[in-house]
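# Architecture at a glance
Residues per chain are reported as follows:
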Amino acid sequence: MKPNKLAEGVYRIYADIGNRDLFEGIWPLPHGVNINSYIVQGEDKLAFIDLVKDWEGALEKVNSQLASLGYSFNDVDYLVLNHMEPDHTGALADMVARNPHMEILCTKKAVPLVSSFYNVEKNVRAVSSGDTVDLGGKTLVFTETPNIHWPETMMTFVPEDHILFSCDAFGSFGTYEHGFDDELTQKEWDLLIPETQRYYANIVSSFSQFVTRGIEKLSGFDIKIVAPSHGIVWRENPQKVIDLYSSYAQWMNNPPSDTVTIIYSSMYGNSIKLIPAIKKVLEEEGLNVLMHEVPKEHSSFVLSSAWGSGALVMAMPTYEYRMFPPMYHILDILERSHVNRRKVMRIGSYGWSGGAQKQFDPIVASLKWECLGTVEYQGAPFEEDEHKAVETARALALSLKESENQ
Ligand code: FEO
């Protein structure tokens, strides 16, 4: 693992994390994740931007890359904490013990968290939007970007090199052999784009209005390199990832109208019997159909597909007078992430009594979904149930197409 040079004196030093653990204790990492730190060496001072958590030896990986550049943690004059979540600060107490003299720069909102998470109070300086730190020939310019991802978050810009250190914003899941967008193979691109969408949907989607606001704030900067703290560095086409994030943010209330996600679950097969007929109609209508079986598939992947879909079809039985619990979990995740304003339909079987719909309706209202219909039946579906499901699916497709033309 070697540092990546972004500009003279500016390097990414990073750790590849494997697939054993869950991100934030929730989200699977089948392709791992990077945690990136950066150093900026001026003529007079050395800044270290965003730390790592000591996860799979990340601290030692970063330390050895720092050593390969001829530095140690003790040489750092400024530690910039763009964001306080422990994936970027977990090693803080360790680093302060190694270098008690460096100055920690973070937003005013981050200061109490530096104390509460790590019991560090000395040499902590709050900075605000527009504040600068002169490293000698290179300048750190801070911009507060609250809620991308936590309220205390900021970004750091180095105008001499036109580099934006954006922390969580513009990040991705996945680990990549190459560190820059212009070096990626097609296979890496094929991983990067879906893993960027999944990262966004899982981590940032709830805060989409802040993403839009943050991107507007960045319009004043002449950005030539985007250097996030997860994923790759974008130097050939930094606008590509900014545009991706801008689109993802719009999808909160205005999702793509050409894609439908079918989320299906069943106890004995009756609730999913009509899924093939529904899928066929949607495809006949020219829609992309994404399929997720629950609970076999993790909510991380369901959420990512739902974020990029204008409509959702949900198949679930009633279970003990309520929704089937694995589907309730999915709907809870969709509600927390504000997967708003989708066209939806629901199908499902019940045994002695219904009840799933009663629990489903408030979620429909909360997320401002338009429910095109429910097909609910006792036991197995009959021909009239299939007819109703097919007609509802067709109405769903037509409604999506109408929304595209509005
Ligand atoms: Fe990568 Fe919100 O931490």
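### Details of the side chain of Asn-202
Following the sequence through the fold, Asn-202 ends up in helix 5 (residues 186–204). Setting aside chain neighbours within four positions, we find Asn-202 in contact with Trp-27, Phe-173, Ser-300 and Leu-303.

### Let's talk about the sheet that holds strand 7 (residues 124–127)
Read from one edge to the other, the open sheet built from 7 strands follows the order 1-2-3-4-5-6-7, with strand pairing classed as mixed. The two strands at the open ends of the sheet, each matched to only one other strand, are strand 1 (4–7) and strand 7. Geometrically, the sheet is characterised by an average inter-axis angle of 25 degrees between neighbouring strands, direction not taken into account. For strand 3 (residues 33–41) and strand 4 (residues 46–49), the ladder comprises 4 bridges, and the chain directions are antiparallel. Residue pairing for strand 4: Val-40 is matched across the bridge by Ala-47.

### Some points on the sheet that holds strand 14 (residues 288–293)
Sheet architecture is open: 5 strands sit in the order 14-13-15-18-19, paired in parallel fashion. Two strands close off the open sheet at either side, each with one partner strand: strand 14 and strand 19 (370–378). Geometrically, the sheet is characterised by an average inter-axis angle of 10 degrees between neighbouring strands, direction not taken into account. In the sheet, strand 13 (residues 259–264) pairs with strand 15 (residues 311–315) via 5 bridges, with the strands oriented parallel. Its bridge partner lying in strand 15, Tyr-264 is registered against Ala-315. Taken strand by strand, helix 12 (residues 383–405) contacts strand 13, strand 15, strand 18 (343–350) and strand 19, and its axis lies near 170 degrees from that of strand 19.

### A word on the domain arrangement of the chain
We note that the domain assignment places domain 1 (4–250) and domain 2 (259–405) within the chain. Inter-centroid distance (C-alpha atoms) of domain 1 to domain 2 is 38 Å. Of the residues lining the interface, 13 residues belong to domain 1; the matching set on domain 2 comes to 12 residues. Of the roughly 980 Å² buried between domain 1 and domain 2, counting both surfaces, carbon and sulfur atoms make up 63%. Counting the contacts that link domain 1 with domain 2 gives 0 salt bridges. Where domain 1 touches domain 2, the interface holds 6 residue pairs in polar contact (both at pLDDT 80 or more).

### Brief notes about the packing of aromatic side chains
Across all of its chains, the model carries 17 aromatic pairs by this definition. Between the aromatic rings of Phe-170 and Tyr-245, the centroid separation amounts to 5.1 Å while the plane-to-plane angle is 65 degrees, which identifies the pairing as edge-to-face. Remark: Tyr-245 occurs in helix 7 (residues 238–250) and Phe-170 occurs in the loop between strand 11 (163–167) and helix 5; sequence separation between them is 75 residues. We classify Tyr-245 as buried; its relative accessible area is 1%. The interplanar angle of 85 degrees and the centroid separation of 5.1 Å between the aromatic rings of Tyr-200 and Tyr-245 together place this pair among those described as edge-to-face.

### Brief notes about the environment of Ile-232
Residue placement: Ile-232 occurs in the loop between strand 12 (225–228) and helix 7. For Ile-232, a relative accessible area of 0% gives the class buried. For the pair Ile-232 and Phe-173, spaced 59 residues apart in sequence, the C-alpha to C-alpha distance is 9.6 Å.

### Focus: unusual backbone geometry
Following Val-294, the chain continues to Pro-295 via a peptide bond in cis, the omega torsion being 10 degrees. Mapped onto the elements, Pro-295 comes out in the loop between strand 14 and helix 9 (299–307). Non-glycine residue His-338 carries a positive phi angle of around 60 degrees. Inspection of the secondary structure assignment puts His-338 in the loop between helix 10 (325–336) and strand 18.

Reading guide: rules and limits
- Residues numbered from 1 in each chain as written.
- Predicted model: local features only at pLDDT ≥ 70, side-chain atom pairs only at ≥ 80, totals over all residues.
- Heavy atoms only, no water.
- Helix = DSSP H or I, 4+ residues; strand = E, 2+ residues; numbered from the N terminus.
- Contact = heavy atoms within 4.5 Å.
- Pairing = 2+ DSSP bridges.
- Axes fitted to C-alpha atoms, helices over the stretch in contact; angles between N-to-C directions.
- Domains from an automatic or database assignment.
- Buried area = accessible area lost by both parts, 1.4 Å probe.
- Salt bridge = Lys/Arg side-chain N within 4 Å of Asp/Glu carboxyl O.
- Polar contact = N/O pair within 3.5 Å; in protein donor to acceptor, adjacent residues only side chain to side chain.
- Phe/Tyr/Trp six-rings, centres within 6.5 Å; stacked < 30°, edge-to-face > 60°.
- Buried < 20%, exposed > 50% of the residue type's maximum accessible area, 1.4 Å probe, protein only.

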